[in-house]
Amino acid sequence: MTASEFTRGIRENRVQVAHQLIQVMLVGFAIGMTRTVVPALAESEFGLERGSFLLLASFVVAFGAVKAVMNFVAGRWSERIGRKRVLAFGWVMALPIPVMIWYAPDWNWIVAATVLLGVNQGLCWSMTQTAKLDITRAEERGLTMGLNEFSGYVGVAIAGILTAYAAEGLGARTGLLVFGMAVVLLALILTVVWVKDTLPWAKAETAAHKAAPPKSLPRYPQGSSEHPTTREVFALMSWRDRRLFAISQAGLVEKFVDALVWALFPVFLVTQGATLTEVGWIVGTYGFVWGGSQLFTGRLSDHVGRFWPNVLGMWICGAGVAMVVMGTGALWWSVSAGVAGFGMALLYPNLSAAVADITPPAWRGSAIGIYRFWRDLGYAIGALGLGLAASLTGAAEAAFWFVAISMFVSGGLLFWLGEETHPRLNPATQEAPA
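Just so we're clear, the structure is a prediction, and the values are computed from it rather than from any experiment.

Conventions and cut-offs
Residues numbered from 1 in each chain as written. Predicted model: local features only at pLDDT ≥ 70, side-chain atom pairs only at ≥ 80, totals over all residues. Heavy atoms only, no water. Helix = DSSP H or I, 4+ residues; strand = E, 2+ residues; numbered from the N terminus. Polar contact = N/O pair within 3.5 Å; in protein donor to acceptor, adjacent residues only side chain to side chain. Contact = heavy atoms within 4.5 Å. Salt bridge = Lys/Arg side-chain N within 4 Å of Asp/Glu carboxyl O. Buried < 20%, exposed > 50% of the residue type's maximum accessible area, 1.4 Å probe, protein only. Patch = residues over 30% accessible without salt bridge, like charges linked within 9 Å, V, L, I, M, F, W, Y side chains within 5 Å. Areas by Shrake-Rupley, 256 points an atom, 1.4 Å probe, with all protein chains shown as cover.

Chemist: I would appreciate a short explanation of the side chain of Glu-205 in the present structure.
Modeler: Following the sequence through the fold, Glu-205 ends up in helix α9 (residues 199–211). Here Arg-364 takes part through its side chain, which lies 3.3 Å from a polar atom of the side chain of Glu-205. Setting aside anything within four residues of it in sequence, one finds Glu-205 in contact with Arg-8, Arg-141, Pro-361 and Arg-364.

Chemist: Could you clarify how one ought to interpret the pattern of salt bridges in this entry?
Modeler: Under the defined criterion, the tally for this structure stands at 18 salt bridges. With its nearest N and O atoms 3.3 Å apart, the salt bridge here joins Glu-140 to Arg-137. Relative accessible area serves as the criterion here: at 26%, Arg-137 is assigned to the partly exposed category. Of the charged contacts in the structure, one is a salt bridge between Arg-243 and Asp-241, with a shortest N-O distance of 2.7 Å. Residues joined in a network through salt bridges with shared partners are Arg-141, Arg-299, Asp-302, Arg-306 and Asp-357.

Chemist: I tried to follow a nonpolar patch on the surface on my own but got confused; where do I start?
Modeler: A cluster of nonpolar side chains, namely Met-326, Trp-332, Trp-401, Ile-405, Val-409, Leu-413 and Trp-416, defines an oily patch on the protein surface of about 770 Å² accessible area. In terms of residue count, the dominant contributor to the nonpolar patch is helix α17 (residues 397–417) (5 residues). Secondary-structure assignment places Trp-401 in helix α17. Given a relative accessible area of 40%, Trp-401 falls into the partly exposed group.

The structure is reproduced here in structure tokens:
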């Protein structure tokens, strides 16, 4: 391909953007199929003892730890072998998951299947995000991330509802088997046949920046080499650059919410008398509001910046989590889930967009991978924390307060240490901040 063929933009690359949006929706289906049925029926279907909060959270801990590592690997790996190969390998790793859940004689099999799910999600979701950032323009990053996360989390919500009905109609195991195999096989076929590798676009962007730097120069970290080592990128993302540290810690803590919604929210609702389909719709409200609102919140940050959507999103999401245990009834729980989902929509695409704003294209894939490492490690840390909170008190409500307080504190750190990253609103000067 010639340099002119590496034009970036959502409209200019609409066919590949559409393919990548379908991919991320299927990635959402893959994780969403475990969101309602598995935790809600952990006792009756998979032999987990009632009140075993830590064991119940164990599959989310395993998922988070594995996905975090695979995000880290995926970013670096994709810069060496390309985005498409990493995406395809992620779907291959998902093939055994529906069969393992269908066969599972005990909870250990569910944990093992979730480990493979973590590999799949770490590789595939990372690549759909990175690929779209490769082929779209800097001024479209908020919209790009909004579209990506809208598609993925609407997929999560739809899958949670569909599998609840499939479990009631076909039985939990058979319903998950049929749904899961259809999703994985379709995704693998679409990847092989239609998805293009976007690594050449990233390389072309690097060359273009050297030839003609953009008018609004991003506030890239000072003191980093043109092609930093993995260790150097990890240090920049984790502690050396205060802005990237603030973003990474916020990403880690916001996953406490998702761990709660996945592991304990369905169990809490069932113990309060909700039916399985009611659980699917209440938990689905969180996913639908989160996913749908990102069409607006991602684009909003392209105009008003990333800083305030991220900070306010942390606090609003925490408030929604606290609301759950402050009232009763399906309507109250649905509204609370919607508030949490809207807060998540404000912060979720825009934390990632902020990372993309201030990391050079030459190592943006690695930076996103390391941000996603810290973010999804939040599944493991959050699930362990909320499991301990519920176990020590004997009440699931304690887990909700643990998560809500964590979100308020983390949002405060982001407010204190972070800054606006949008290049147009806060361009670099001669002395960019370290």
